[in-house]
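The primary structure of each chain is shown beneath.
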Amino acid sequence: MEDDRRVHPHCINASNPYHECVEYCFRKIAEAKARMIEKETEAVHASGGNDQSNTSAPDVAEDLHDEKPKFEEDSDSDDEKPAEENAEEDFTNLTGRQKKLFELRLKMNEARKANQTAMVAEKKRMEGPPESRGISKQKWLEDRKKKIGKLLDANGLDMTKAYMLDTQEAAEAKYKKWEKDPAPFGWDVFNQKTLYNAYKKRTKNVEIDLEEYNKMKEADPEFYREASSLQYGKAPKISEDKIEGMVKELKDREGKRTSFSRRRRFHEEKDIDSINDRNEHFNKKIERAFGKYTLEIKNNLERGTALPD
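Remember, it's a predicted structure, so these values are computed and weren't measured experimentally.

Along the backbone of the protein chain there are eleven helices and zero strands. Beginning at the N terminus, the succession of helices and strands in the protein chain can be written as α-α-α-α-α-α-α-α-α-α-α. The proportion of buried residues among the 309 residues of the protein chain is 9%. The contacts of the protein chain with a sequence gap of at least 6 include a subset with a gap of at least 24, amounting to 32%.

Spelled out as C-alpha cells, the structure:
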C-alpha cells in the first residue's frame, strides 16, 4: 500500500506509522545536519586537509525547509481557517484508498486505547485489593509499635516508659483486666461461691416486678412456707408471661452452651510430646487410635527394660 504519511525521511520518528512531521521536526533535522557538517569540518582541519565544504548551518536549514512537502506550504496558506474545517476539507479531498487508510488508522488507535485500558484493568485485578479490614495482627502490631516509638522519641523516653503515654481511662481498664479473677478450674467449678456467681449471672437479665411480688405476698399468708406447713409441695399460681420468660431464659442458656468454645488450659504437669499446637492435636488423634496398642511399649521405654542389653 502506498505510504501517504506527511513525514520527512530523515526524521527520527519516521519509523512510527502514526507520526506526521511538524515544524519542530524540520528544525531538529536542520540542527542535526549542521552538527554533522561541523564535525566533518573539524575532522578535515585536524587532518591538515583543505576545507572544501563551504556550506554553513543556515544554508542547510534553508535547504531543509525547501525540502518540505507540498502539504506544508499549503497548510501555511490555510492558517486562517479553523482546524476542523481543514480536516473536513482534507478528508473530502482524499481518494478512496486514502479514506480507507485513514479509517484503518482510526480503528487501530481505538484498538490500541482499548488494549491499554484492558491491560491496566488486568494489572489492577492481578495485584489484588488493598488490605483493609483483614490486615494481619502482626502488621497491626508493627505499625502500632512504630507510632509509639515516634511518640517516645519526641518526648525523650525509651520503650520501657511506654506506659507513660497511657491515659487515665486506658490505665484503669488495663488494671481492671489484670485484676480479673481467673476462671474456676477442677473441683472449684462446683463450690458454693462459683455456683452463687453463676446464679447472679443468670438472674442479672431477669426483670423483677416488685408490685406483683408484693401483691402475691399479701394474698398468700404462707408465701414463705415452713417445714410444718400443710401446703408444702403445693405449686403457687404463676402467670403465663412469667412461665414464658423462664422458658426463654432456658433456651437462651442452652444456645449459649452449644455455641461456647474456648481454648483449653495448658496443664503443666502433663508430659510435653509436641512442638506446636498442630502437632499436639495430631498426637492426640494418634493416641486415641493406637494408644492402647503402644502402651506397653511406652512403659518399657520409660522403665528402660525395652533397651537391648
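Ranked by size, the top nonpolar core spans six residues in total: Val7, Cys11, Cys21, Cys25, Phe26 and Ile29. Among all residues touching Cys25, those that are not within four sequence positions of it are Cys11 and His19.

Residues at a pLDDT of 70 or more form 79% of the protein chain, whose mean pLDDT is 76. Below a pLDDT of 50 lies the segment residues 50–85, which in the model reaches 26 contacts outside its immediate sequence neighbourhood of four places, other chains included.

Moving on, we get to the packing of aromatic side chains. Applying the stated rule across the entire model yields two aromatic pairs. With a centroid separation of 5.6 Å and 80° between ring planes, the pair formed by Tyr213 and Phe223 is classed as edge-to-face. Residue Tyr213 is located in helix 9 (residues 210–219), and its partner Phe223 is located in the loop between helix 9 and helix 10 (240–259); the two are separated by ten residues in the primary sequence. Using a relative accessible area of 31% as the deciding quantity, one classes Tyr213 as partly exposed. Seen in terms of ring centroids, Phe223 and Tyr224 are 5.2 Å apart; in terms of plane orientation they differ by 90°. Their pairing is edge-to-face. Relative accessible area serves as the criterion here: at 26%, Phe223 is assigned to the partly exposed category. Tyr224 gets classed as exposed once you look at its relative accessible area, which sits at 55%.

Right, let's get into a nonpolar patch on the surface. A cluster of nonpolar side chains, contributed by Ile238, Ile243, Met246, Val247 and Leu250, occupies part of the molecular surface with about 420 Å² of accessible area. Within the secondary structure layout, Met246 lies in helix 10.

This brings us to the environment of Tyr18. One can find Tyr18 in the segment before helix 1 (23–47). Setting aside its immediate chain neighbours within four residues, Tyr18 contacts Met108, Asn109 and Arg112.

This part covers helix 11 (residues 277–303). The first and last C-alpha atoms of helix 11 sit only 28 Å apart over 27 residues, clearly below the 39 Å expected at 1.5 Å per residue. Gly291 marks where helix 11 bends most, by close to 80°. For helix 11, the N-terminal cap is Asn276; the gap from its side-chain oxygen to the backbone nitrogen of Arg278 is 3.4 Å. Two residues or fewer past helix 11, Gly304 is found with a positive phi of approximately 90°.

So, on to a positive patch on the surface. A grouping of Lys177, Lys180, Lys201, Lys204 and Lys256 is seen on the molecular surface, where their side chains present a positively charged patch. For Lys256, the location among the structural elements is in helix 10.

Across all of its chains, the model carries seven salt bridges by this definition. Glu31 is paired through a salt bridge with Lys28; the nearest N and O atoms lie 3.9 Å apart. Of this pair, Glu31 and Lys28 both sit in helix 1, three residues apart, which is roughly one turn of that helix. Here Glu280 ties to Lys284 by a salt bridge, and the two come within 3.9 Å at their closest N and O atoms.

So, on to the environment of Asn279. With respect to the helices, strands and loops of the structure, Asn279 is situated in helix 11. Relative accessible area serves as the criterion here: at 25%, Asn279 is assigned to the partly exposed category. Beyond its immediate stretch of four places on either side in the chain, Asn279 contacts Asp273 and Ser274. Polar contacts involving the side chain of Asn279 include one to the main-chain amide nitrogen of Ile275, which spans 3.2 Å.

Reading the values: the criteria
Every chain is numbered independently, its residues counted from 1 as its sequence is written. Given that the model is predicted, a residue must reach a pLDDT of at least 70 before its local features are reported, and side-chain atom pairs must reach 80 or more before they are shown or counted; all residues, however, enter totals for whole chains, interfaces and linings. The side-chain numbers reported here are obtained from all heavy atoms of the structure, hydrogens and water having been left aside. Working definition: helices are DSSP H or I runs of at least four residues, strands are E runs of at least two. Numbering for both runs from the N terminus. Any residue under 20% of the maximum accessible area for its type is buried, any over 50% is exposed, and the rest in between are partly exposed; the area is computed with a 1.4 Å probe on protein chains only. Here, two residues are considered to be in contact whenever any of their heavy atoms come within 4.5 Å of each other. For the purposes of this section, nonpolar cores are sets of buried Ala, Val, Leu, Ile, Met, Phe, Trp, Tyr and Cys residues that join through side-chain atoms within 4.5 Å. Residue-level confidence of the predictor, termed pLDDT, takes values from 0 up to 100. Each aromatic pair joins two rings of Phe, Tyr and Trp (for Trp, the six-membered one) with centres within 6.5 Å, and gets the label stacked for planes under 30 degrees apart, edge-to-face for over 60, and tilted for any other angle. Patches draw on residues past 30% relative accessible area with no salt bridge. Two like charges within 9 Å are joined, as are two nonpolar side chains (Val, Leu, Ile, Met, Phe, Trp, Tyr) within 5 Å. Using the Shrake-Rupley algorithm and a 1.4 Å probe, accessible areas are obtained, with residue cover drawn only from the displayed protein chains. By convention in these notes, a salt bridge is any Lys or Arg side-chain nitrogen within 4 Å of a carboxyl oxygen on Asp or Glu. Under the convention used throughout, the expected extent of a helix is 1.5 Å for every residue step, that is, one less than its residue count. One axis is fitted to the seven residues ending at the residue and one to the seven starting there. The bend at that residue is the angle between these axes. Two N or O atoms form a polar contact when they lie within 3.5 Å of each other; inside protein one atom must be a possible hydrogen donor and the other a possible acceptor, and for residues adjacent in sequence the pair counts only when both atoms belong to side chains. When charges are counted, Lys and Arg contribute as positive and Asp and Glu as negative, whereas His and the chain ends are disregarded. The atom standing in for a charge is NZ when the residue is Lys, CZ when it is Arg, CG when it is Asp and CD when it is Glu.

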